[in-house]
Amino acid sequence: MRILVAEDERMLADLVAEGLRKQAMAVDVAYDGTSASQRLAVHDYDVLVLDRDLPGVHGDVICRDLAQSGARTRILMLTAATSVPERVAGLGLGADDYLPKPFDYSELVARVQALGRRSQAPVPPILQRAGIVLDTPRRQATRDGRHLPLSVKEYAVLEVLMRANGALVSAETLLELAWDENVDPFTTVVRVIISRLRSKLGNPPCIHTVPGVGYHL
């Protein structure tokens, strides 16, 4: 999943982003409303984790505009305000979920994952292809019953290929879905991860390259 964390408390924003990355998510961070709006105009995010009281463009404005645009991005609104009227107001702006501060981190992760599933086309929680079984709720992978010890990025790339169901996936798409905006678009990181995946998946080879086009499984 591709996530945008819009939070002006830098330490909190960075901690949330780092934690979500450990769950094989690609995460960008904006520390003010203006930067958040700019990123939303460029990238197609699955979930926006949005602090309501952002400097620059207020979180309420971002939430309302994004909801009215018809974008598929789901919105998890964060705020220090805990009263019922405040929550109702936030949901009324178009937020899909509402989490008051301080929050339990495991709950935030669970809510982001749930919203991410809602933003994507429905797929079964267990993905299977070429002898590979991907248990997405547990983030575990096996091939022909053999456990695959995958890194976070290897798992993320494999999940994108599995979800494509045999369709070609370009290197640019893999960068968009499995890495954040700071990745160098001219890097060889995709080829490196694909090479590692092929080694761990073993024989018969199941990830195929179409030169100049992309990869398919």
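Refer to the preceding data block for the structure.
No experiment lies behind these values; they were computed from the predicted model shown.

(A) Seen up close, the overall build of the protein. Within the protein one finds eight helices and eleven strands. Relative to its length of 217 residues, the protein is compact, with a C-alpha radius of gyration of 18 Å against a globular reference of 17 Å. Across its three principal axes, the protein shows a C-alpha extent of roughly 60 × 35 × 30 Å. By the burial criterion, 42% of the 217 residues in the protein qualify as buried.

(B) Representation of the environment of E154 in the model. On the secondary structure map, E154 appears in helix α6 (residues 152-163). The sequence separation of E154 and G212 amounts to 58 residues, and the corresponding C-alpha distance is 21 Å. What E154 contacts, discounting residues up to four positions off in sequence, is P149, I193, R196, L197 and K200. One polar contact links the side chain of E154 to the main-chain amide nitrogen of S151, over a distance of 2.8 Å.

(C) Representation of the pairing of strand β8 (residues 140-143). Of the two faces of β8, the one lined by A141 and R143 is fully buried and the one lined by Q140 and T142 carries no buried residue. Two elements, strand β7 (residues 132-135) and β8, share four bridges in a ladder whose sense is antiparallel. When the sheet's bridge partners are listed, I132 is paired in β8 with R143. In sequence, β7 turns back onto β8 through a hairpin of four residues, with R139 there showing a positive phi of about 55°. In this structure, β8 lies alongside strand β9 (residues 146-147), joined through two bridges in antiparallel fashion. Its bridge partner being in β9, R143 is matched across the sheet by R146.

(D) Region of the structure containing the environment of F103. If you trace the backbone, F103 turns up in the loop between β5 (97-100) and α5 (105-119). Sequence-wise, F103 and A71 are 32 residues apart; in three dimensions their C-alpha atoms are separated by 27 Å. Those residues in contact with F103 that lie beyond four places of it in its chain are L12, V16, L78 and L108.

(E) Quick peek at the sheet that holds β5. In space, the five strands of this open sheet follow the order β2-β1-β3-β4-β5, with parallel pairing throughout. Looking at strand neighbours, the two that pair on one side only are β2 (26-30) and β5, the edges of this open sheet. Mean inter-strand twist for the sheet, computed between neighbouring axes without regard to direction, equals 20°. Of the strands in this sheet, β1 (2-6) and β2 touch helix α1 (residues 10-21), which is tilted by about 170° from β2.

(F) Structural detail: the packing of α6 against helix α7 (residues 171-178). Relative to each other, α6 and α7 sit at 120°, their axes nearing to 10 Å. On the basis of their axis angle, the class for α6 and α7 is oblique. For the pair α6 and α7, the crossing hand works out as right-handed. Between α6 and α7, the contacting residues are K153, A156, V157 and V160 on the first element and L174, L177 and A178 on the second.

Reading guide: rules and limits
Residues numbered from 1 in each chain as written. Predicted model: local features only at pLDDT ≥ 70, side-chain atom pairs only at ≥ 80, totals over all residues. Heavy atoms only, no water. Helix = DSSP H or I, 4+ residues; strand = E, 2+ residues; numbered from the N terminus. Rg over C-alpha atoms; globule rule 2.2 N^0.38 Å. Buried < 20%, exposed > 50% of the residue type's maximum accessible area, 1.4 Å probe, protein only. Contact = heavy atoms within 4.5 Å. Polar contact = N/O pair within 3.5 Å; in protein donor to acceptor, adjacent residues only side chain to side chain. Pairing = 2+ DSSP bridges. Axes fitted to C-alpha atoms, helices over the stretch in contact; angles between N-to-C directions. Parallel < 35°, antiparallel > 145°, perpendicular 65-115°, else oblique. Left-handed = near helix turned anticlockwise from the far one by under 90°.

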